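If you want the building blocks of each chain, they are given just below.
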Amino acid sequence: MVDVDELMAVFNRTLGQQYGTRLVRGTDEPLYLPADWHCPYHRIYFAHGFTASALHELAHWCQAGPARREQVDYGYWYQPDGRDAVQQAAFEAVEARPQALEWMLCRACGQPFDVSVDNHAIEVDRVAFRRAVLSEVQRVYQQGIPARTRALMATLAAHFDRPMPEMDDFQLRDDGRVYTGTDH
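So, here's what we can say about the structure. What you see is a predicted model; the values in this text were computed from it and never measured.

What counts, and at which threshold
Residues numbered from 1 in each chain as written. Predicted model: local features only at pLDDT ≥ 70, side-chain atom pairs only at ≥ 80, totals over all residues. Heavy atoms only, no water. Helix = DSSP H or I, 4+ residues; strand = E, 2+ residues; numbered from the N terminus. Rg over C-alpha atoms; globule rule 2.2 N^0.38 Å. Buried < 20%, exposed > 50% of the residue type's maximum accessible area, 1.4 Å probe, protein only. Contact = heavy atoms within 4.5 Å. Areas by Shrake-Rupley, 256 points an atom, 1.4 Å probe, with all protein chains shown as cover. Lys, Arg positive; Asp, Glu negative; His and termini not counted. Charge placed at Lys NZ, Arg CZ, Asp CG, Glu CD. Core = buried A, V, L, I, M, F, W, Y, C linked by side-chain atoms within 4.5 Å. Axes fitted to C-alpha atoms, helices over the stretch in contact; angles between N-to-C directions. Parallel < 35°, antiparallel > 145°, perpendicular 65-115°, else oblique. Left-handed = near helix turned anticlockwise from the far one by under 90°. Nonpolar A, V, L, I, M, F, W, Y, C, P; charged D, E, K, R; others polar. Pairing = 2+ DSSP bridges.

## As for the overall build of the chain
Of the regular secondary structure elements, the chain holds six helices and three strands. In the chain, the succession of helices and strands from N to C terminus is α-α-β-β-β-α-α-α-α. Computed over C-alpha atoms, the radius of gyration of the chain comes to 16 Å, within 12% of the 16 Å expected from 2.2 N^0.38 for 184 residues, which places it in the range of a compact globule. Over its C-alpha atoms, taken along the principal directions, the chain stretches across nearly 50 × 40 × 30 Å. Burial statistics for the chain: of 184 residues in total, 43% are counted as buried. Residue pairs in contact within the chain that sit at least 24 positions apart in sequence constitute 61% of those at least 6 positions apart. Surface summary for the chain: the accessible area is close to 9,600 Å², and the carbon and sulfur share equals 51%. Once the 18 positive and 26 negative side-chain charges of the chain are each reduced to a mean point, those two points are 5 Å apart.

Now the structure itself:
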């Protein structure tokens, strides 16, 4: 497991400094706030001090372009826990990409990963969502990893003394769970 304080320090002194952004321990809900007259830098707040939340929020940051990084929460739609089936499908459609990037960041630093369906109100097909996220990972590798994502992966891999992940490092087990690389 990656120590969240170490992750924060690595990001804040590297890409965070380069992009005027800080990764900040938050409380209940994650939140992205662009720089404003109150604060001269952008803030990525992650929930409950969890490493998984920090990496997920960094994935959203990697995905957001310059215009999105000027908007609160990147201007993205979000419906909290308690979604119905239609809302859950919409959530999964927009979350497959950032969760794919999160998985890539997790592999780069050695943090365990599993998808987050972020809903306890209805039964969700986690295996189908894992397949969608894996498909997004493959698409990212085939189309070329975006520059900020690649830079953050390289920074994390170097700091945590890990190899840079390759597309073949991302797999699902026969039972549909995420392959961690240590499964036998």
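## Some words on the nonpolar core
Leu 23, Leu 58, Met 104 and Leu 156 are the most contacted members of the largest nonpolar core, which totals 46 residues. Residue assignment for this core shows that the elements contributing at least two residues are helix H1 (4-13), strand S3 (42-46), helix H3 (51-63), helix H4 (85-109), helix H5 (126-143) and helix H6 (147-159). With nine residues, H4 is the largest single contributor of residues to this core. Once residues within four sequence positions are removed from consideration, Leu 156 is found in contact with Leu 7, Val 10, Leu 55, Leu 105, Ala 108 and Cys 109.

## Section: the packing of H4 against H6
Following both chains from N to C, one finds H4 and H6 inclined at 25°, their axes separated by 7 Å at the closest point. Relative to H6, the element H4 lies roughly parallel. In this structure, the crossing between H4 and H6 has a hand that is right-handed. Of the residues in H6, those in contact with Leu 101, Met 104, Leu 105, Ala 108 and Cys 109 of H4 are Thr 149, Leu 152, Met 153, Leu 156 and Ala 157. Class assignment for the residues of the contact of H4 with H6 results in nine nonpolar, one polar and no charged.

## A look at the sheet that holds strand S1 (residues 21-25)
Strand order in this open sheet of three strands is S1-S3-S2, and the pairing throughout is mixed. The open sheet is flanked by S1 and strand S2 (31-33), the only strands paired with a single partner. With direction set aside, neighbouring strand axes in the sheet form an average angle of 15°. With three bridges joining them, S2 and S3 adopt antiparallel strand pairing. The residue of S3 that forms the bridge with Leu 31 is Tyr 45. Where H1 meets the sheet, its contacts fall on S1 and S3, and the angle it forms with S1 comes to roughly 165°.

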